[in-house]
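Architecture and fold: a report
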Amino acid sequence: MLLLSSIQFAYADIERSGDIIHLLLPSATLSATFLYEDDHQGSLQLIKSVGVSRLSVEALKFSVDKMRPDGSSDDSFPSGHTADTFATATFIQQRYGWKWAIPAYAAASFVGYSRINSDQHYVEDVLAGAAIGILSAWYFTEPYQGIKITPIATGKYYGVNINYAF
């Protein structure tokens, strides 16, 4: 009995940790763009990236009635937590580079894992949320300095767009 209750607490801790990171990553990034970098253009790009990502997620949740794994509601698809954190991680990567993005992507991945682990979402919900967040940030984010690499895919060709900010 004690073992089962400790497992339940572990699941609750993972979910709670994911919820905290979901709030902390975008708010810390926004604060850093304002206070540390004095990057008001970047702040606006982050707000657009996360805002459009969230609007897309909510539109899909409203349109697609998919029951959550725990049966609590019919708004499982896609994962908003995952979309928010992956939009933020991609913003960081596009704006400031991989040095800062690797921990952000690790945090975003943990948030996605926590949503699956807590029976709030299926794997496909988390993958769709991540894709929405990534695409939104790719669209709205310009490099602060250095090189920006963006994949391109059309009906006729696939490629990579490389921009360098002087």
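Above this text is the structure in question.
Thresholds, definitions, all that
- Residue indices follow the written sequence of each chain, beginning from 1 at its first position.
- Totals for whole chains, interfaces and linings use all residues, but because this is a predicted model, local features are given only for residues with pLDDT of at least 70 and pairs of side-chain atoms are given and counted only at 80 or more.
- Excluding hydrogens and water, the side-chain values take into account all heavy atoms of the structure.
- Numbering of helices and strands runs from the N terminus; a helix is a DSSP stretch of H or I covering at least four residues, while a strand is a stretch of E covering at least two.
- Any residue under 20% of the maximum accessible area for its type is buried, any over 50% is exposed, and the rest in between are partly exposed; the area is computed with a 1.4 Å probe on protein chains only.
- Residue contacts are defined here by distance: any two heavy atoms, one from each residue, within 4.5 Å place the two residues in contact.
- Throughout this description, the term nonpolar core refers to a set of buried Ala, Val, Leu, Ile, Met, Phe, Trp, Tyr and Cys residues connected via side-chain atoms within 4.5 Å.
- Patches here: salt-bridge-free residues with over 30% relative accessible area, like charges joined within 9 Å, nonpolar side chains (Val, Leu, Ile, Met, Phe, Trp, Tyr) joined within 5 Å.
- Values of accessible area rely on a 1.4 Å probe in the Shrake-Rupley scheme; residue burial ignores everything except the protein chains shown.
- The term salt bridge refers to a pairing of a side-chain nitrogen on Lys or Arg with a carboxyl oxygen on Asp or Glu at a separation within 4 Å.
- Aromatic pairs are defined between Phe, Tyr and Trp rings, using the six-membered ring for Trp, whenever the two ring centres lie within 6.5 Å; interplanar angles under 30 degrees are classed as stacked, those over 60 as edge-to-face, and all others as tilted.
- In a helix, the anticipated span is given by 1.5 Å times the number of residues less one.

The next subject is the overall build of the chain. Each helix and strand counted, the chain has five helices and two strands in total. Ordered by position from the N terminus, the helices and strands of the chain form the series α-α-α-α-α-β-β. Here the chain holds 166 residues, and 38% of them are scored as buried. Excluding contacts between residues fewer than 6 apart, the proportion of contacts in the chain whose partners are at least 24 apart in sequence is 64%.

Moving on: the nonpolar core. Core analysis: the biggest nonpolar cluster contains 14 residues, and L25, F86, A89, I92, A104 and Y105 have the highest contact counts within it. Those elements giving two or more residues to this core turn out to be α2 (40-63), α3 (80-96) and α4 (98-117).

The next thing to look at is a nonpolar patch on the surface. Together, I116, V123 and L127 give the surface a local cluster of nonpolar side chains, amounting to about 250 Å² of exposed area. Inspection of the secondary structure assignment puts I116 in helix α4.

This part takes up the side chain of R68. With respect to the helices and strands, R68 occurs in the loop between α2 and α3. In this view, R68 contacts K61, S73, D75, S76, R115, Q120, H121 and Y122; residues no more than four positions away in its chain are not counted.

What follows deals with the packing of aromatic side chains. Scanning all chains against the criterion turns up five aromatic pairs. Ring centres of F86 and Y105 lie 6.1 Å apart, and the angle between their planes is 45°; on these two criteria the pair is classed as tilted. In this pair, F86 is assigned in helix α3 and Y105 in helix α4, connecting sequence segments 19 residues apart. Y105 carries the same exposure label as F86, and that label is buried. Each ring, one from F91 and one from Y96, has its centre 6.0 Å from the other, and the planes form 85°; the classification is edge-to-face. Among the aromatic side chains, those forming a connected cluster through ring pairs are F86, W98 and Y105.

This part is about α4. The first and last C-alpha atoms of α4 sit 27 Å apart over 20 residues, in line with the 28 Å expected at 1.5 Å per residue. Of the residues making up α4, those classed as buried are A101, A104, Y105, A107, A108, V111, G112, S114, R115 and N117. At the C-terminal side of α4, D119 shows a positive phi close to 60°.

This structure, assessed with the given rule, holds seven salt bridges. D13 is the partner of R16 in a salt bridge, and the nearest nitrogen-oxygen pair spans 3.0 Å. On the criterion of helical spacing, the pair formed by R16 and D13 is a turn pair, its members being three residues apart in helix α1 (residues 2-36). By relative accessible area, R16 is classed as partly exposed at 48%. According to the relative accessible area criterion, D13 is partly exposed, its value standing at 41%. The salt bridge involving D75 is made with R68; its shortest N-O contact spans 2.8 Å. Residue D75 is classed as partly exposed on the basis of its relative accessible area, which comes to 25%. Overlapping salt bridges bring together R54, E58 and D84 as one network.

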